Every structure is written in structure tokens, then in C-alpha cells.
Amino acid sequence: MSHARLASAALAAFLLTACPPPPLDPQPPTAAAARGSETVFVIEAQGSPLVVDWQPEHRGDLEVAMRDGVAVVGYDSKGLRLLKDCHIDGTYGFVGVSTKEQVIVLQSSDEVMANLPATGLSIVARVGAELGTSSEIDIAMVMVGKKRTTWVSASPADLKGECRGATHFIRGATVGAFALQSAARGQARATAELFGAGVTAGQARQRQLRSVDGSLDACRQASPDASAPPARCAALLRLDLVRLADRSPALAASKLDASSDGGVCPAGFVFAGGKCTKPGSAPHACKVGDVSDCTAQCQRGSLASCDTLGLMYLIGRGVTASDAEALKLFDKACTGKSDSGCFHLGLMVREGRGIAKSAVKGLELMFPACEAGLAMACGVAGRDFFAGLGVPRDRALGLKLIRNACNGGDPFSCEALGGITATGIGGIAKDERQARVLFKRACDGGAIGGCTGIGFMHETGRGGPKKEGLADTIYRTFCEVNPVACVDRGIALMYDLGRRKKDWSQAGVELRKGCDEAIRMGGAAGLGLVACVLQNELYGGKYRIDPELARSTVDVLAESCQAKEARDCTALAVVSLGIGKRADGKKLIQLACEMGDRWACELGKPGVLK
């Protein structure tokens, strides 16, 4: 099953509409009166608008929508609005982070409308000409966690319900408490003051706008290990929006998904100081692909730009790929305490890309990013600790990190957790129904092992009805999407499945695709290794078997086989053949066949193996 993929390397490892929330002013003026224009600033692809200006009942609608599925919005020249009757079939998890406090100051009408797209026009009109001269909008935020779905991309075909006007889905949201008010310009305010502590009656009377949700004290007592935010610190603060695109979400998650702050603002704005603002003297986060600006901003001290530029050098986006340049940039970002920069530097150290390989050092670099809520960092560390890949095995820590990463939106961790849950190893209770749920979350995010994991559950009837025809369709469909899934497809072609007859010739074609892709991705391990060994054993292949990857795969499969997972016993048998333990391999094939695995029975027939 897909649990074997715990051993794989992962370096890079993103109508009838509801009415928009009303502004704070009960009688909003027109857009023309607010700005002399009837349009607002619109993001091009991804964006991170604040929602602290929404009225309580509309933030409540948003919370309900995110409980019922993956929420969808319309974001166009009319502003940002929730589509209450539209959703994507999926869920959000929650991951806690160390409590962070931030004060954001919006000093112009453009900044208000770029950062508060739902009601910005009305706020500008209410505050009037004083905004930008004698007044400003101050926002204090206390952040304790993130809600995140595994969906990294979606198309209009994925929408369900009344969805006319849909443009983006909500990939996640920052959770905590906030206080928003208009105030005299230029007066430095601490978080506590904005939440109400120490404010005089005279100051209160001068405010034109005032909105608070949550308790500062409750947020300061939040634990990053909590499975949910405190009762009085659960307000939605900032959304992560992704534009709907005409492509399948089954494609693997973007390698740039973990980048810091690039590309979150409308055209003509940059991200600096926690807000979208016009370019100025202060360094800002550059956008992915803008080599010139990324270089300039990194030199000026923007750690986010150094990190983004490093990713561009890592994958050759707009520049000639260079591990050496990527290392320099990630090191600069990490030295400056960029969580994302440390994560990417840790990945390169862990994999030995342009630097001495050290799993221990790599994970040490990643941990700050994990603690800051970067799910991919927790996922990589968790899978390594769980399997003991280059570090001492620590099942309790590994499982905790994997679960946090899955809740934080990392589909590959949901895939791993699905495999663990299906087999009941590592001290976790076996729960095949929950495994199906986890595999779906993984598949939603493009982790192909999650998709084929669902296929295997349908094939065997585990955790739900047995549907062999559907399983065959899943294997075929996702093999066409990603060569990694062709391993499962190739294995399934070795025996009759539903109404489809076995086809060993086509099985060889699919296994070769999976083996080649595993090698291209950094080394054949897990089911990729199984595919390479089968190529050597059955189809005259000459693939080299990496001893280290083979050992890690054997460790994972052996435990699963001991838990009476027949399919993993067969996979273990194949790997044993590949590393010269032929007697052990043939005994395991016989055992797996007796346990009911049809693949093992085919491999055990006379004359199939040498």
C-alpha cells in the first residue's frame, strides 16, 4: 500500500452569490464617492486579504462555510464576497503555532482597499479625506494557528452548488483575535492598547471605526500543540486565496507552494510590513519569476525575496538552475531567521544537494519552520523520524509531526498518515474508514499515493464497499496523470481485476514508467524501488538498486508485513529479491499468497521468477 512511500525522498515537496459582507458603516456610500472609480483592486492568482473588517454575522457565515467544505468566493471589480451555497468537496485541518502579535497600519485609501477588499471602499468613504493625512486604520492581530485544506489547485469542474461568479477558493485562513480602529496618524500603538487596555474615554470618543473579535489574554495562553484554538481566540483574520484554474488538482503540489510572501498582492502593490502597499523605500517580498526585483529586494534585506529567489535557482525558474546559488540564498534567508528559508536550506542539506548530506542537520534547520506552522517542514521531519531515515527512529514524535502536517494542509503527510492508519502500525489504532478519509485528503492535494491508496481500498473492500471496477479506473486514470501512479497500475495488470483481464506486457510498460520517475525524483524507494526490481526480474531491466534506499524500504515494509498486510508482504518479497535475499523473497511470496494477495499468487506461479 501507499505506506511504503514513507521511505521516498521529497525535496519540494500550492450563481446566485451570497451578498458581500456589509461595511462597518450602516449606510455605505457609493464606490464612486469613495474613490472616484467603480472598481477595486483585484488579485491575479493568489492572494492573502484580511477579513477583519467583516461584520460578525458574515464572519460567522464564513466559519460555517469552512466547516461544511472548502469555501469559495467571488473576487472581482465588485469586491470580495463569500458564495455561501458553493463549495468544493474537502475539509480543513487546524494546526497551532507559537503565538504571534502584529500591528498593521493602513495609511492610504489604496492600502485599505487592497487589504480589505470586501468593505474597503466604504471604510475609505467613512473615514473621508482625513485618511492618509491626519488619520489611519490600525489593526492589531494575535495569531495562534492556521486552518488549511490539502487542495492546492481546483477547477470550475470541482465546484458544487450555486457557484455563478466564483473566482477563487479559500485554501486556508489565519486564526486568532483582532482589534481594528481608525485613529490619529503617526501614533505608535501596541497590541494591548488596540485591544482596549489603557485607552482613555476621550480617545474612545474620537474613533470613527472600532471592531474587536477575541480576547488578547486568551490568545496569549494558547498552546501550539492544541488541536483547536481557544474559545475566545478563534476569529478568522486573513484568507489564503487561490484562483480557480482549468487544470486538474490531481497534479502534484507546486514546488513553490512553501515560498514566503511573494505574489499575495494585487498588481501594482507589494507585500511589506504585513500588508499590501505601493512600492517604496522599504524592502518588500518579490513575486515568483521576477528575477530583477527578487535580486534587488534580497540585496536590500528582504528575507522573503532571498528565499523566493533561492527557489527559482533551485528549479530553474527564470534563471539557470544552480544548487550553489540556491544554497547561498537559502542560507542568507535562514541566517536572518526566515522560517521558509531555513526549511528550504534544511531540505538541501537533508538531500545533499550541493552540500554535505546530513539528515540530522537538515531536520535541525527545518524545525523552526515547523513550529511556525509550515506544514511541509513538519511533514518531512515527521516522516523521517517515523521511518528512521537518517535519524534515530522516534515513532511518537514522527506521528505527532505527520498528523500536524496533515492538519496543516500537507497532502503527502495525509498520504503517509492514511497508510499508517490503514495498517495500524507505530502505536496508532487501525482504522480503515479513517484511512479512506485521509487518502482522499491526500489525493485532493495531488499526492498520487493517496489517490492509488483509495483505489486499493476499493479493490479490497477495506473501510467500505468493494468496487474492483472503480479501483481499476482509479489506477488507470492517475497513471495518466503522474508516472508514480503507474506502479500501482502495473501491479494491478498482473492479475484479473473486475472485468479486466491481466496484461503482463502492459504491466511492464507501466512499471518502467514508475521506476524511471522514481529515479528522476531523487532515487527509487518504496513502490518505486519495487517497480525497478520487477523490471530487473521480469523484463530484462538493468536498474541499479540503491542499498540505503533498499534498507529503509525493507524496514517500513517489514513492519507492515508483520501487521498482516498481505500486499506489503508481497512488496517486501520483491525488494528482498532485488537485494539478493532470494530464499526470503520466495517464502514471503508464498506467505502473501496464502494471506489472499492475488499479485503474490501470480508471482509465485512456476516459471515466473528465476
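**Concerning the pattern of salt bridges**
So, step 1. One pass over the full model with this rule turns up 33 salt bridges.
So, step 2. A salt bridge links lysine 84 to aspartate 61, with the shortest nitrogen-to-oxygen separation between them at 3.8 Å. Of this pair, lysine 84 sits in strand 3 (residues 79–88) while aspartate 61 sits in helix 2 (residues 56–68), and the two are 23 residues apart along the sequence.
So, step 3. Residue aspartate 61 is classed as partly exposed on the basis of its relative accessible area of 27%.
So, step 4. In this structure, glutamate 459 and arginine 567 form a salt bridge, with 3.8 Å as the shortest nitrogen-oxygen distance. Here glutamate 459, found in helix 17 (residues 448–460), pairs with arginine 567, found in helix 23 (residues 566–578); they are 108 residues apart in sequence, far enough to count as distant. In this structure, glutamate 459 and arginine 567 share a single accessibility class: buried.
So, step 5. The network of salt bridges with common partners includes Glu459, Lys466, Glu468, Arg567, Asp597 and Arg598.

**Quick notes on the state of the cysteines**
So, step 1. Applying the stated criterion across every chain, the model contains 13 disulfides.
So, step 2. One disulfide in the model links cysteine 286 with cysteine 294; its S-S distance is 2.1 Å. Between cysteine 286 and cysteine 294 the disulfide shows an S-S torsion of about 90 degrees. By sign, it is right-handed.
So, step 3. Between the sulfur atoms of cysteine 298 and its disulfide mate cysteine 306 the distance is 2.1 Å. With the S-S dihedral at roughly 95 degrees, the linkage between cysteine 298 and cysteine 306 falls on the right-handed side.
So, step 4. Here cysteine 298 falls in the buried class, since its relative accessible area comes to 4%.
So, step 5. When its relative accessible area of 1% is taken as the criterion, cysteine 306 is described as buried.

**Some thoughts on helix 10 (residues 323–335)**
So, step 1. Between its first and last C-alpha, helix 10 extends 18 Å over 13 residues, near the 18 Å set by a 1.5 Å rise per residue.
So, step 2. Among all positions of helix 10, only Ala326, Leu327, Leu329, Phe330, Ala333 and Cys334 are buried.
So, step 3. Tucked inside the fold, the buried residues of helix 10 contact helix 8 (291–299), helix 9 (303–315), helix 11 (339–351) and helix 12 (359–371).
So, step 4. Just downstream of helix 10, lysine 337 is the residue with a positive phi angle, here 75 degrees.

**Describing the nonpolar core**
Buried together is how nonpolar side chains tend to be arranged in soluble globular proteins.
So, step 1. By size, the foremost hydrophobic cluster in this structure holds 40 residues, and its most contacted members are Met494, Val530, Leu534, Trp599 and Leu603.
So, step 2. With near-sequence residues (within four places) excluded, methionine 494 lies in contact with Lys502, Trp504, Ala507, Leu511, Leu534, Leu538, Tyr539, Trp599, Glu602 and Leu603.
So, step 3. With 32 residues, the next largest nonpolar core counts Ile43, Val51, Leu62 and Ala173 among its residues.

**Here we look at the packing of helix 20 (residues 504–520) against helix 21 (residues 526–538)**
So, step 1. Their axes nearest at 8 Å, the elements helix 20 and helix 21 cross at an angle of 130 degrees. Here helix 21 runs oblique to helix 20, going by the angle between their axes. As helix 20 runs across helix 21, the sense of the crossing is left-handed. Taken together, the residues of helix 21 that come into contact with helix 20 (itself represented by Trp504, Gly508, Leu511, Arg512, Gly514, Cys515, Ala518 and Ile519) are Gly528, Ala531, Cys532, Leu534, Gln535 and Leu538.

**So, the packing of helix 11 against helix 13 (residues 375–387)**
So, step 1. The contact between helix 11 and helix 13 brings their axes to 10 Å, and the two run at 30 degrees. With respect to helix 13, the axis of helix 11 lies roughly parallel. The handedness of the crossing between helix 11 and helix 13 is left-handed. Contact residues: helix 11 offers Phe343, Leu347 and Arg350, while helix 13 offers Met376, Ala377, Val380 and Asp384.
So, step 2. Across the contact of helix 11 with helix 13, the residue classes tally to five nonpolar, no polar and two charged.

**Considerations on unusual backbone geometry**
In terms of backbone geometry, most residues other than glycine have negative phi values and most peptide bonds are trans.
So, step 1. One non-glycine residue with positive phi stands out, namely lysine 337, at about 75 degrees.
So, step 2. Here lysine 337 lies in the loop between helix 10 and helix 11.
So, step 3. Owing to a relative accessible area of 71%, lysine 337 belongs among the exposed residues under this scheme.

**Quick word on the confidence of the model for the protein**
So, step 1. Across the protein, the average pLDDT comes to 86, with 88% of residues at or above 70.
So, step 2. A low-confidence stretch, residues 1–38 stays under pLDDT 50, and its non-local contacts, those more than four residues away or across chains, total 123 contacts.
So, step 3. Residue range residues 248–262 is modelled with pLDDT below 50. Its contacts to residues more than four positions away, or to other chains, number 58 contacts.

**With respect to the packing of aromatic side chains**
So, step 1. Following the criterion strictly, the structure yields two aromatic pairs and no others.
So, step 2. Geometrically, the ring pair formed by phenylalanine 41 and phenylalanine 269 is edge-to-face, given 4.7 Å between the ring centres and 70 degrees between the ring planes. Taken together, the positions of phenylalanine 41 in the loop between helix 1 (31–35) and strand 1 (46–47) and phenylalanine 269 in the loop between strand 9 (235–243) and strand 10 (270–272) put the pair 228 residues apart, joining distant regions of the chain.
So, step 3. Using a relative accessible area of 13% as the deciding quantity, one classes phenylalanine 41 as buried.
So, step 4. Residue phenylalanine 269 is classed as buried on the basis of its relative accessible area of 3%.
So, step 5. Stacked on the ring of phenylalanine 269, the Lys or Arg lysine 278 has its end atom at 4.4 Å from the ring centre.

**Section: the side chain of glutamine 181**
So, step 1. Mapped onto the elements of the fold, glutamine 181 is located in strand 7 (residues 168–184).
So, step 2. For glutamine 181, the side chain forms a polar contact with the side chain of arginine 210, separated by 3.1 Å.

**Digging into the environment of glycine 508**
So, step 1. Topologically, glycine 508 is positioned in helix 20.
So, step 2. Here glycine 508 is in contact with Gln535 and Tyr539, once residues within four sequence places are set aside.

**Things to note about the environment of valine 175**
So, step 1. For valine 175, the position within the fold is in strand 7.
So, step 2. For the pair formed by valine 175 and cysteine 233, sequence separation is 58 residues and the distance between their alpha carbons is 7.4 Å.
So, step 3. In this view, valine 175 contacts Phe94, Val142, Met143, Val144, Gly145, Lys147, Pro229, Cys233, Ala234, Ala235, Leu236 and Leu237; residues no more than four positions away in its chain are not counted.

**Considerations on the side chain of serine 182**
So, step 1. Among the secondary structure elements, serine 182 is positioned in strand 7.
So, step 2. A relative accessible area of 4% means that serine 182 is categorised as buried.
So, step 3. Polar side-chain contacts of serine 182 include one of 3.0 Å to the backbone nitrogen of leucine 209.

Cut-offs applied
- Residues numbered from 1 in each chain as written.
- Predicted model: local features only at pLDDT ≥ 70, side-chain atom pairs only at ≥ 80, totals over all residues.
- Heavy atoms only, no water.
- Salt bridge = Lys/Arg side-chain N within 4 Å of Asp/Glu carboxyl O.
- Helix = DSSP H or I, 4+ residues; strand = E, 2+ residues; numbered from the N terminus.
- Buried < 20%, exposed > 50% of the residue type's maximum accessible area, 1.4 Å probe, protein only.
- Disulfide = S-S within 2.5 Å.
- Expected span 1.5 Å × (residues − 1).
- Contact = heavy atoms within 4.5 Å.
- Core = buried A, V, L, I, M, F, W, Y, C linked by side-chain atoms within 4.5 Å.
- Axes fitted to C-alpha atoms, helices over the stretch in contact; angles between N-to-C directions.
- Parallel < 35°, antiparallel > 145°, perpendicular 65-115°, else oblique.
- Left-handed = near helix turned anticlockwise from the far one by under 90°.
- Nonpolar A, V, L, I, M, F, W, Y, C, P; charged D, E, K, R; others polar.
- pLDDT = per-residue confidence, 0-100.
- Phe/Tyr/Trp six-rings, centres within 6.5 Å; stacked < 30°, edge-to-face > 60°.
- Lys NZ or Arg CZ within 6 Å of the ring centre and 35° of its normal.
- Polar contact = N/O pair within 3.5 Å; in protein donor to acceptor, adjacent residues only side chain to side chain.

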